[in-house]
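# Structure assessment
As a plain string of letters, each chain reads:
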Amino acid sequence: MKKKILGLFLVFAMVATMVSGCSQSPKETAKAKSEEAAVPAGKLGKKVEGTVTYNVDMSGYDKGKVVKLWLPVAKTIDYQTVEEAVYDAKASKVEMNEDELGNKMLYAEWDANAEPADRKVTCSFDAVRNEVLRPELKEEGEAGSDMDQYLKGNEMVVVSGEVKKLADEITKGEDTYLGKARAIYDWVIANMNRDNSVTGCGLGNVPVLLTTMAGKCTDINSVFVALCRASGVPAREMFGVRMNAEDITKNQHCWSEFYLPGTGWIMADPADVLKAVLTNEWDKESQETKDLQEYYFGGSDAERVELSRGRELNLSPKQEGKALNNFGYPYAKVDGEAVDFYAPDTFIYTISFKAK
């Protein structure tokens, strides 16, 4: 524990000396192009690299059923470099696709004539993920119109009504993007708690969460994103898996970013702060908590790989029924009925990680 805390102090000391190399001029910021706005702002620290492997077994379903499987596959983006995935599947159809948001996925389909024993898939990719260290947070100009999509709400991430009212209360007196984002981040940590009884990463249903004030990573970061958007601060969520053990089947994680004109996308992960508070039995006012709170505002560890972004997704090919809340887990349908991806023991799938 002492080594961990000392490490956080060292990281924070490094952060204080970092100077951003991704700042934009006021003119560029005022009318930022999408590709410019997508540039990440954080400096890079240490890295984690290795191979992530899915093994999926859908042979337990009787012959005569149509089985469809979508696996989220990482790609090179922002703070990670990913080699092209390799896969093995004896299926009626197998293809690597991207949805309309650019999320990459392996799709496998077995028709009704397929032998149950053939419904198995292996998919691997090599990934290098960098630690993010907080850059100099410079605010210049206004967010461009290409950020409008990150201000909108949806069924779960509501930005109007009581959410907007609360956001206005939290950010009262703040008139900058940075001031609002920091006020919301600190409020979430002060007022929410990690709840390990929640299934998976949580649904991220913000109106419900503002009554329970507890949840897991998707829940906590959804509240941060919703309050930011309701305050006029562009924000988004990422969904991935932690590369921190050999068996990472149940190590999914969600984190978030907000957009700061003049700097770019800034990491924020109040959920990991609250997880550490619960796990280590820290007081929220303790020095350990405050150090981690600073670290995860603008920074993040390297033990994660991003698999997808966005909410209310239509996969490729499009799944039957309603849009998918998020795509951080393998997703499957048997004769049009969704399989519970929160239960990998009955799905059946495993995700492993082999460090290099």
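Everything numeric here is computed off the predicted structure, so don't read it as measured data.

### Focus: the pairing of strand S12 (residues 264–268)
Across the 5 residues of S12, 5 count as buried, placing the element largely inside the fold. Relative to S12, strand S11 (residues 252–260) runs antiparallel, the two sharing 5 bridges. Residue pairing for S12: Leu260 is matched across the bridge by Gly264. Between S11 and S12, which pair antiparallel one after the other, the connecting turn spans 3 residues, and Gly262 there sits at a positive phi close to 100°.

### Considering unusual backbone geometry
With glycine set apart, most residues show a phi of negative sign, and most peptide bonds adopt trans. The linkage connecting Ser316 with the following residue, Pro317, adopts the cis geometry, with an omega of -5°. One can find Pro317 in the loop between strand S13 (305–309) and strand S14 (331–334). The backbone of Asp78 shows a phi angle near 45°, a positive value even though the residue is not glycine. Tracing the sequence through the fold places Asp78 in the loop between strand S2 (67–73) and strand S3 (80–82). Accessibility expressed as a relative area gives 29% for Asp78, which makes it partly exposed. Positive phi, normally seen in glycine, also occurs at Glu312, with a value near 50°. Take Glu312: it is sitting in the loop between S13 and S14.

### Digging into the sheet that holds strand S15 (residues 337–338)
A sheet is described by the order of its strands in space; here 5 strands give the open sequence S5-S6-S2-S14-S15, paired in antiparallel fashion. Each of the sheet's edge strands pairs with one partner strand only, and the pair in question is strand S5 (93–98) and S15. As paired strands, S14 and S15 are joined by 2 bridges and run antiparallel to one another. Bridging across to S15, Val334 finds its partner in Glu337.

### Notes on the packing of aromatic side chains
Enumeration over the complete set of coordinates arrives at 14 aromatic pairs. Between Tyr150 and Trp265 the ring centres are 5.0 Å apart and the planes differ by 85°, which places this aromatic pair in the edge-to-face class. Residue Tyr150 is located in the loop between strand S7 (120–133) and helix H4 (162–170), and its partner Trp265 is located in strand S12; the two are separated by 115 residues in the primary sequence. Across the pair, exposure class does not vary: Tyr150 and Trp265 are buried alike. Relative to Tyr342, the ring of Tyr329 has its centre 5.1 Å away and its plane inclined at 80°; by these criteria the two rings are edge-to-face. Separated by 13 residues along the polypeptide, Tyr329 in the loop between S13 and S14 and Tyr342 in the loop between S15 and helix H10 (344–347) bring together distant segments of the chain. Aromatic rings pair up to connect Trp70, Tyr107, Tyr329, Tyr331, Phe341 and Tyr342 into one cluster. Here the basic side chain of Arg236 rests over the ring of Tyr150, its NZ or CZ set 5.7 Å away from the ring centre.

### As for the nonpolar core
Counting 92 residues, the largest nonpolar core has Val121, Phe125, Val188, Phe224, Leu227, Phe258 and Phe347 as the members making the most contacts within it. When near neighbours in sequence (up to four residues on either side) are disregarded, Leu227 contacts Val163, Leu166, Ala167, Ile170, Ile184, Trp187 and Val188.

### Side note on helix H7 (residues 217–230)
Along its 14 residues, H7 runs 20 Å from first to last C-alpha, staying within 8% of the 20 Å computed at 1.5 Å per residue. Extensive coverage of H7 is indicated by the burial of 14 of its 14 residues. Positive backbone phi, at 90°, marks Gly232, one or two positions downstream of H7.

### Quick look at the side chain of Ser231
Its place among the elements puts Ser231 in the loop between H7 and strand S10 (235–241). Polar contacts involving the side chain of Ser231 include one to the main-chain carbonyl oxygen of Leu227, which spans 2.8 Å. In contact with Ser231, not counting residues within four places along its chain, are Ala167, Thr171, Lys180 and Ile184.

### A closer look at the environment of Glu306
If you trace the backbone, Glu306 turns up in strand S13. On the accessibility criterion, Glu306 (7% relative accessible area) is buried. When neighbours within four sequence positions are excluded, Glu306 is seen to be in contact with Ala74, Ile77, Gln80, Arg129, Met238, Phe239, Gly240 and Trp255. A polar side-chain atom of Glu306 sits 2.5 Å from a polar atom in the side chain of Arg309.

### Looking at the sheet that holds S11
Within a sheet, adjacent strands bond to each other through the backbone by hydrogen bonds, running parallel or antiparallel. Spatial ordering of the open sheet is given by S12-S11-S10-S13, a layout of 4 strands whose pairing is antiparallel. Whereas interior strands pair on both sides, the edge strands pair on one side only; in this sheet they are S12 and S13. Neighbour to neighbour, the strand axes of the sheet diverge by 40° on average, direction disregarded. One ladder, built from 4 bridges, connects S10 with S13; its direction is antiparallel. Across the sheet, the residue bridging to Met238 is Arg309, located in S13.

### Some details on the packing of helix H5 (residues 177–191) against helix H8 (residues 270–280)
Any two packed helices are characterised by how steeply their axes cross, that is the angle between the axes, and by the distance between the axes. Contact geometry of H5 with H8 gives a least axis separation of 10 Å together with a crossing angle of 25°. Between H5 and H8, the crossing angle belongs to the class labelled roughly parallel. Judged by the twist between their axes, the crossing of H5 over H8 is right-handed. Facing H5, whose interface residues are Tyr185, Val188 and Ile189, H8 presents Pro270, Val273 and Leu274. Taken together, the residues of the contact of H5 with H8 sort by class into 6 nonpolar, no polar and no charged.

About the cut-offs
- Residues numbered from 1 in each chain as written.
- Predicted model: local features only at pLDDT ≥ 70, side-chain atom pairs only at ≥ 80, totals over all residues.
- Heavy atoms only, no water.
- Buried < 20%, exposed > 50% of the residue type's maximum accessible area, 1.4 Å probe, protein only.
- Helix = DSSP H or I, 4+ residues; strand = E, 2+ residues; numbered from the N terminus.
- Pairing = 2+ DSSP bridges.
- Phe/Tyr/Trp six-rings, centres within 6.5 Å; stacked < 30°, edge-to-face > 60°.
- Lys NZ or Arg CZ within 6 Å of the ring centre and 35° of its normal.
- Core = buried A, V, L, I, M, F, W, Y, C linked by side-chain atoms within 4.5 Å.
- Contact = heavy atoms within 4.5 Å.
- Expected span 1.5 Å × (residues − 1).
- Polar contact = N/O pair within 3.5 Å; in protein donor to acceptor, adjacent residues only side chain to side chain.
- Axes fitted to C-alpha atoms, helices over the stretch in contact; angles between N-to-C directions.
- Parallel < 35°, antiparallel > 145°, perpendicular 65-115°, else oblique.
- Left-handed = near helix turned anticlockwise from the far one by under 90°.
- Nonpolar A, V, L, I, M, F, W, Y, C, P; charged D, E, K, R; others polar.

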